[in-house]
Amino acid sequence: MQKPAAQLLAADEPPAFLDVPNHGGDSPFIIVVDHAGARIPRRLKNLGLPAAQLKRHIAWDIGALGVARRVAAAIDAPLVAQNYSRLVIDCNRDPQVASSIPHISETSEIPGNVNLSSTDVAARRAEIFDPYHLRIREFIDERLAANRPTIVVAQHTMTDIYNGVRREMHAAVLYNRDRRFAGLVLNMLRREAHLNVADNEPYFVSDETDYTIPHHAEARSLPHVEIEIRQDLVTDDAGQVEWAARIAQALKDAEREFAAAYAKPKSLC
């Protein structure tokens, strides 16, 4: 997409994504965090929202980046994470769908997203959405060009109470057309009998509600999984350390079984 005339990000503001390459690692995984940050570009004046709203789940996936950083370090995997709030533009939505730049999130109206011009919309895509997904694509291109096995892991978190209803699951494993790797991760996480790990609930991956897995993993026939953790379990360091260790082990064990069951020689894809 051609960069629009309107400039969204100031020169001193962070780039669209956080990039932790880990190029030297042997891991087959690449970890992405679509909703890692709650930052709003200064030009958008907090989208007309009070600061307290930007600390809520509507703005970002609380705890997701903390978990993902630790998982990436544990399995020596590259990490790409979005720095800006999903309220500016949702990097896990196709830009063509209405929820890409939401007017309402849960029950909260987003004043700064109403009556946007085509130039405003184009700036958000060109400066936030496109660079993030280009970096993911570059990582995958580099790995495939080197004939390296590649598994895409999308890390998310979910609110513990949604529209007044308490979610009983501790975590969830999500997928769309290809359940092979996700099913193995689900089995590994369910080894701990006290955990309630949901299968494609309360969300599931689809072309209408997701972008990252359909475009970067499914479209290239790469094994993948999307993982949700309930946010109240990972709001502090202790919770993030616990869940990162659990997920890292589940990914490694699932990769071992996947390689044995499905992989072609010298490749998982």
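Refer to the preceding data block for the structure.
Within each chain, residues carry numbers counting from 1 in the order of the written sequence. This being a predicted model, a pLDDT of at least 70 is required before a residue's local features are given, and a value of 80 or more before pairs of side-chain atoms are given or counted; all residues contribute to the totals for chains, interfaces and linings. Calculation of side-chain values draws on the structure's entire complement of heavy atoms; hydrogens and water are dropped beforehand.

A.B. asks: Even after reading the chapter, I still don't get the pattern of salt bridges, so can you show me in this structure?
C.D. replies: Oppositely charged side chains can pair when the atoms bearing their charge come close. By definition here, a salt bridge exists when the distance from a side-chain nitrogen of Lys or Arg to a carboxyl oxygen of Asp or Glu is within 4 Å. Inspection of every chain in the model, using the stated rule, returns 20 salt bridges. When the shortest N-O distance is used, the salt bridge between Asp130 and Arg125 registers 3.2 Å. A salt bridge links Glu242 to Arg246, with the nearest nitrogen and oxygen atoms 3.0 Å apart. On the criterion of helical spacing, the pair formed by Glu242 and Arg246 is a turn pair, its members being four residues apart in helix 5 (residues 237-262). Whether a residue is buried, partly exposed or exposed follows from its accessible area with a 1.4 Å probe, protein chains only, as a fraction of its type maximum: under 20%, in between, or over 50%, in that order. In this structure Arg246 comes out as buried when scored by relative accessible area, which is 11%. Residues joined in a network through salt bridges with shared partners are Asp19, Arg135, Glu138 and Glu142. A run of H or I in DSSP becomes a helix once it reaches four residues, and a run of E becomes a strand once it reaches two; helices and strands are each numbered from the N terminus.

A.B. asks: Honestly, the packing of aromatic side chains in this entry has me stumped. Any pointers?
C.D. replies: Any two aromatic rings considered together are summarised by their centre-to-centre distance and by the angle between their planes. Working definition: rings of Phe, Tyr and Trp (its six-membered ring) pair if their centres are within 6.5 Å, and the pair is stacked with planes under 30 degrees apart, edge-to-face with planes over 60 apart, and tilted otherwise. Here the structure, examined in full by the defined rule, presents three aromatic pairs. Ring centres of Phe129 and Tyr211 lie 4.9 Å apart, and the angle between their planes is 75°; on these two criteria the pair is classed as edge-to-face. Note that Phe129 is positioned in helix 2 (residues 118-145) and Tyr211 in the loop between strand 10 (197-199) and helix 4 (212-217), a separation of 82 residues in sequence. Accessibility classification places Phe129 together with Tyr211 in one group, the buried group. Ring centres 5.8 Å apart and planes at 80° place the aromatic pair Phe181 and Phe258 in the edge-to-face group. Within this pair, whereas Phe181 is found in helix 3 (residues 180-189), its partner Phe258 is found in helix 5, the two being separated by 77 residues in sequence.

A.B. asks: Can you help me understand helix 3 in this one?
C.D. replies: Residue pairs spaced three or four apart in an α-helix point in one direction, given the helix's 3.6 residues per turn. Among the 10 residues of helix 3, eight are classified as buried, and the element is accordingly described as predominantly covered. Within the span of helix 3, buried status applies to Phe181, Ala182, Gly183, Leu184, Val185, Leu186, Met188 and Leu189.

A.B. asks: Would you explain the side chain of Asp61 in this entry?
C.D. replies: Structurally, the position occupied by Asp61 is in the loop between strand 2 (29-33) and helix 1 (64-75). Under the relative-accessibility criterion, Asp61 is labelled buried at 2%. In this description, contact between two residues means that some pair of their heavy atoms is separated by no more than 4.5 Å. Here Asp61 is in contact with His35, Arg86, His156, Thr157 and Gln231, once residues within four sequence places are set aside.

A.B. asks: Explanation requested: the sheet that holds strand 9 (residues 171-174) in the structure shown.
C.D. replies: Backbone-to-backbone hydrogen bonds join strands into a sheet, with any given pair of strands oriented parallel or antiparallel. Here, any two strands with at least 2 DSSP bridges between them count as paired. Read across the sheet, seven strands follow the order 1-3-2-6-11-9-10 without closing on themselves; strand pairing throughout is mixed. Looking along the sheet, the strands with just one partner apiece sit at the ends: strand 1 (17-20) and strand 10. For this sheet, the mean inter-axis angle between neighbouring strands, taken without regard to orientation, is 20°. Examined bridge by bridge, strand 9 and strand 10 share three bridges and lie parallel to one another. If you follow Ala172 over to strand 10, its bridge partner there is Ala198. Axis angles are defined between N-to-C directions and span 0 to 180 degrees, where every axis is a line fitted to C-alpha atoms and, for a helix, only to the segment in contact.

A.B. asks: Explain the nonpolar core to me, please; I cannot follow it from the model alone.
C.D. replies: Generally speaking, soluble globular proteins have nonpolar side chains that are buried together. One finds Ile31, Val71, Phe181, Val185, Val225 and Leu251 to be the most contacted residues of the largest nonpolar core, which totals 39 residues. Looking at this core, the elements that each hand over two or more residues are strand 2, helix 1, strand 3 (79-82), strand 6 (151-158), strand 9, helix 3, strand 11 (224-230) and helix 5. Looking at this core element by element, the count peaks at eight residues for helix 5. Apart from residues lying up to four places away in sequence, Leu251 is in contact with Phe29, Val71, Ile75, Val153, Phe181, Val185, Val225 and Ile227. The term nonpolar core refers to a set of buried residues drawn from Ala, Val, Leu, Ile, Met, Phe, Trp, Tyr and Cys, joined through side-chain atoms within 4.5 Å. Leu8, Ile40, Ile89 and Met158 belong to the second-largest nonpolar core, a separate cluster that totals 38 residues.

A.B. asks: Explain the packing of helix 1 against helix 5 here, please?
C.D. replies: To characterise two packed helices, one gives the angle between the axes of the helices and the distance between these axes. Contact geometry for helix 1 and helix 5: axes closest at 8 Å, N-to-C directions at 45°. On the basis of their axis angle, the class for helix 1 and helix 5 is oblique. For the pair helix 1 and helix 5, the sense of crossing is right-handed. Residue-level inspection shows Gly66, Val67, Arg70, Val71, Ala74 and Ile75 of helix 1 in contact with helix 5, the latter providing Asp237, Gln240, Val241, Ala244, Ile247, Ala248, Leu251 and Lys252. Classes in brief: Ala, Val, Leu, Ile, Met, Phe, Trp, Tyr, Cys and Pro nonpolar; Asp, Glu, Lys and Arg charged; the others, Gly included, polar. Split into classes, the residues belonging to the contact of helix 1 with helix 5 amount to nine nonpolar, two polar and three charged. The scheme is simple: roughly parallel for angles under 35 degrees, roughly antiparallel for over 145, roughly perpendicular for 65 to 115, oblique for anything else. In a left-handed crossing the near helix is turned counterclockwise from the far helix by less than a right angle, and in a right-handed crossing that turn is clockwise.

A.B. asks: Where do I start with the packing of helix 3 against helix 5 in this structure?
C.D. replies: In contact at an axis separation of 8 Å, helix 3 and helix 5 are set at 130° when each is read in the N-to-C sense. By the angle class used here, helix 3 and helix 5 are oblique. Crossing of helix 3 against helix 5: the hand is right-handed. In contact with Arg180, Phe181, Leu184, Val185, Met188 and Leu189 of helix 3, helix 5 contributes Arg246, Ala250, Leu251, Asp253, Ala254, Glu255, Glu257, Phe258 and Tyr262. Tallied by class, residues from the contact of helix 3 with helix 5 come to 10 nonpolar, no polar and five charged.

Coordinates in, geometry out; function isn't part of it.
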